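A closer look at the structure
The chain contents come next:
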Amino acid sequence: MLTNEQIRQFDRDGYLKGSVVLSDEEVEALREELQLVMTGQSVRRPVLSRNLLEANDGLYDDMKMSVNERVVQIVNIWMASEKFYRHAAHPVICEEIAQLARTSGVRIWHDQIQYKPPVSGGPTGWHQDHPLWPVVQPAELVSAWVALDDAIIDNGCMWMVPGSHKWGDQQRHLAADEHFRPVHKRPELLPPEARVEAVPFEIKKGQVGYHHCLTWHGSPHNRSSLDRRAIAVHYMPDGSRYVPTGSHPMQDYIGVSAGEPLTGDHFPLVYTR
Ligand SMILES: O=C(O)CCC(=O)C(=O)O
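Residues numbered from 1 in each chain as written. Predicted model: local features only at pLDDT ≥ 70, side-chain atom pairs only at ≥ 80, totals over all residues. Heavy atoms only, no water.

The name given to the protein chain in an unreviewed UniProt entry is Phytanoyl-CoA dioxygenase family protein, and the organism recorded there is Paenibacillus sabuli.

Looking at the overall build of the protein chain
The cut-off we apply is this: In DSSP terms, a helix is any run of H or I states spanning at least four residues, a strand is any run of E spanning at least two, and both are numbered starting from the N terminus. For this measure, only C-alpha atoms enter the radius of gyration; the expected value for a globule follows 2.2 Å times N^0.38, where N is the number of residues. Whether two residues touch is decided by their heavy atoms; if any such pair falls within 4.5 Å, the residues are in contact.
A count of helical and extended segments in the protein chain gives 4 helices and 16 strands. Radius of gyration (C-alpha) of the protein chain: 17 Å, near the 19 Å computed for a compact globule of 273 residues. Over its C-alpha atoms, taken along the principal directions, the protein chain stretches across nearly 40 × 40 × 35 Å. Residue pairs at least 24 apart in sequence account for 83% of intrachain contacts in the protein chain once pairs closer than 6 positions are excluded.

Observations regarding the pairing of strand β4 (residues 105-115)
What counts is decided by this rule: Partly exposed residues are those whose accessible area sits between 20% and 50% of the maximum for their type, while under 20% is buried and over 50% is exposed, using a 1.4 Å probe and protein chains only. What makes two strands pair is DSSP finding at least two bridges between them.
Among the 11 residues that make up β4, 11 are buried, leaving the element largely enclosed by the rest of the structure. Two strands pair when backbone bridges link them, and strand β3 (residues 72-75) and β4 are joined in this way by 4 bridges, in the antiparallel orientation. By the bridge assignment for β4, Q73 is matched with Q114. Bridge count for β4 against strand β16 (residues 269-272) is 3 bridges, and the pairing is antiparallel. Bridged to R107 within β16 is L269. In the sheet, β4 pairs with strand β14 (residues 230-237) via 7 bridges, with the strands oriented antiparallel. Directly across from R107, in β14, lies its bridge partner M236.

Some thoughts on the side chain of E33
Put simply, the rule reads: In the analysis that follows, any N or O atom pair within 3.5 Å is treated as a polar contact, provided that within protein one partner can donate a hydrogen and the other can accept it, and provided that, for residues neighboring in sequence, both atoms belong to side chains.
Note on placement: E33 falls in helix α2 (residues 24-38). Only 2.6 Å separates the side chain of E33 from the side chain of S81, close enough to count as a polar contact. Residue contacts for E33: discarding those within four places in its chain leaves S81, K83 and F84.

Next comes the structure, spelled out in structure tokens:
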């Protein structure tokens, strides 16, 4: 359960470090499951498993990358693994998401592994989540990002731009400079008080970090000798609606009509108050 002060902090910054929610044993069990799914040894399959750097979503147009770089992205590992489903339904995380999203019901929109392997781990470009998910409205989703290794500056932890969730949809103007600092290509479109300055969001193994779906975030290369594994679950308030627009890997799993609340077996309700 978050304090009022923590909720105020999230509202101000657009992100928040939570507590350690997984024991070392629980982290180890998820790492083993990840290995099974990543190597195709699980009985059930996730929605997607790919090198994120090969995705054609415009996040990497400004970045120079070598051909060996990889970010292993797995979408909806919860569909392939009961342990990851139980993680997505974690009572502390789901209750805190309900607090941050001001909702009495929480559904899974989808989850996402991002694994940056040692040395060859690539960057995750600066972005806002919601502009990549216009099929879910309104933009009130909150994500819970749990580290399966200590995520530190050296191995490519996420960076956040404080307050950026209040600056609207700026997705198409975001880029990175050569030091992976965020750059806005049309700064005149930002509110006068906007400061485009990123801060590292280091998260300990088993700890949860929350971010709003409009917060600017990204993570640089992992050139260290350390793994950087993490599971993010992107949650939507129950009652969020389906708007058929754009393209998204989860679109094939949506069975409701345009304008209806997004429900169904692939978007389970994991918390009600
Ligand atoms: O794991 C990362 O570095 C990026 C994850 C991300 O973009 C997200 O959880 O929304």
